[in-house]
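So you can see what is in the structure, the chains are spelled out below.
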Amino acid sequence: MVPDRPLGLSMYGPPVDLSFNNMLCVAGALSEVPRSGLRPLSMNANKKYLSRSLRLSNNKITNLEGLQSMLSHFLAQPSKLSWLDLSFNKLTCIDPVLCELRVLYLHGNRIWNLSGVDKLVELQHLHTITLHGNAIENYKGYRWSA
């Protein structure tokens, strides 16, 4: 826990890392313990992580059903999520994603529908998205559309 630090300052900790867990769905993360990295994760009094970033890469996730409840389970302020790594999963489409996302990694999935990228226009703060390594890159001009 981080005592007596303003919440805004303590929210920039390292990502909550749930990568490489062979999870088939986002809901499967609820039973997982985040990997520890070089920088330790901080928690609040409610045992929620003080982070704005989440790593779910290198799993077997096919859709984002249950994402909101998973974020609420792990993060002190789930609506403040700004960095989400969903790379190297088995996602086939882009579901509407919530919050104040600024960075979204979707490379190495199975996304094929170019019109799905349009859903991301609702993310007003999004400035970085990765889509390489998906079937979508076979469409001529996909980068221009994205």
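- Under an unreviewed UniProt entry, the name given to the chain is Leucine-rich repeat-containing protein 51, and the source organism is Amphiprion percula.
- Looking at the chain in UniProt, the text filed under Subcellular location (unreviewed entry) is "Cytoplasm".

**Considerations on the overall build of the chain**
And step 1. Scanning the chain from N- to C-terminus turns up three helices and five strands.
And step 2. Reading the secondary structure of the chain in the N-to-C direction produces α-β-β-α-β-β-β-α.
And step 3. Out of the 146 residues belonging to the chain, those deemed buried represent 40%.
And step 4. Of the contacts formed within the chain by residues at least 6 apart in sequence, a portion of 63% connects residues at least 24 apart.
And step 5. By element, 53% of the accessible surface of the chain is carried by carbon and sulfur atoms, the whole surface being about 8200 Å².

**Some details on the pattern of salt bridges**
And step 1. Applying the stated criterion across every chain yields a total of three salt bridges.
And step 2. With a shortest N-O distance of 3.5 Å, Arg55 and Asp17 are connected by a salt bridge. Of this pair, Arg55 sits in strand β2 (residues 53-55) while Asp17 sits in strand β1 (residues 16-17), placing them 38 residues apart in sequence.
And step 3. With relative accessibility at 25%, the residue Arg55 sits in the partly exposed group.
And step 4. For Asp17, a relative accessible area of 12% translates into the label buried.
And step 5. A salt bridge links Asp85 to Arg55; its shortest N-O distance comes to 3.9 Å. Of the two residues, Asp85 is situated in strand β3 (residues 83-85) and Arg55 in strand β2; the sequence distance between them amounts to 30 residues.
And step 6. Since its relative accessible area comes to 7%, Asp85 is described here as buried.
And step 7. Through salt bridges that share partners, Asp17, Arg35, Arg55 and Asp85 make up one connected network.

What counts and how
- Residues numbered from 1 in each chain as written.
- Predicted model: local features only at pLDDT ≥ 70, side-chain atom pairs only at ≥ 80, totals over all residues.
- Heavy atoms only, no water.
- UniProt positions renumbered as here; feature names shortened; annotations may be inferred.
- Helix = DSSP H or I, 4+ residues; strand = E, 2+ residues; numbered from the N terminus.
- Buried < 20%, exposed > 50% of the residue type's maximum accessible area, 1.4 Å probe, protein only.
- Contact = heavy atoms within 4.5 Å.
- Areas by Shrake-Rupley, 256 points an atom, 1.4 Å probe, with all protein chains shown as cover.
- Salt bridge = Lys/Arg side-chain N within 4 Å of Asp/Glu carboxyl O.

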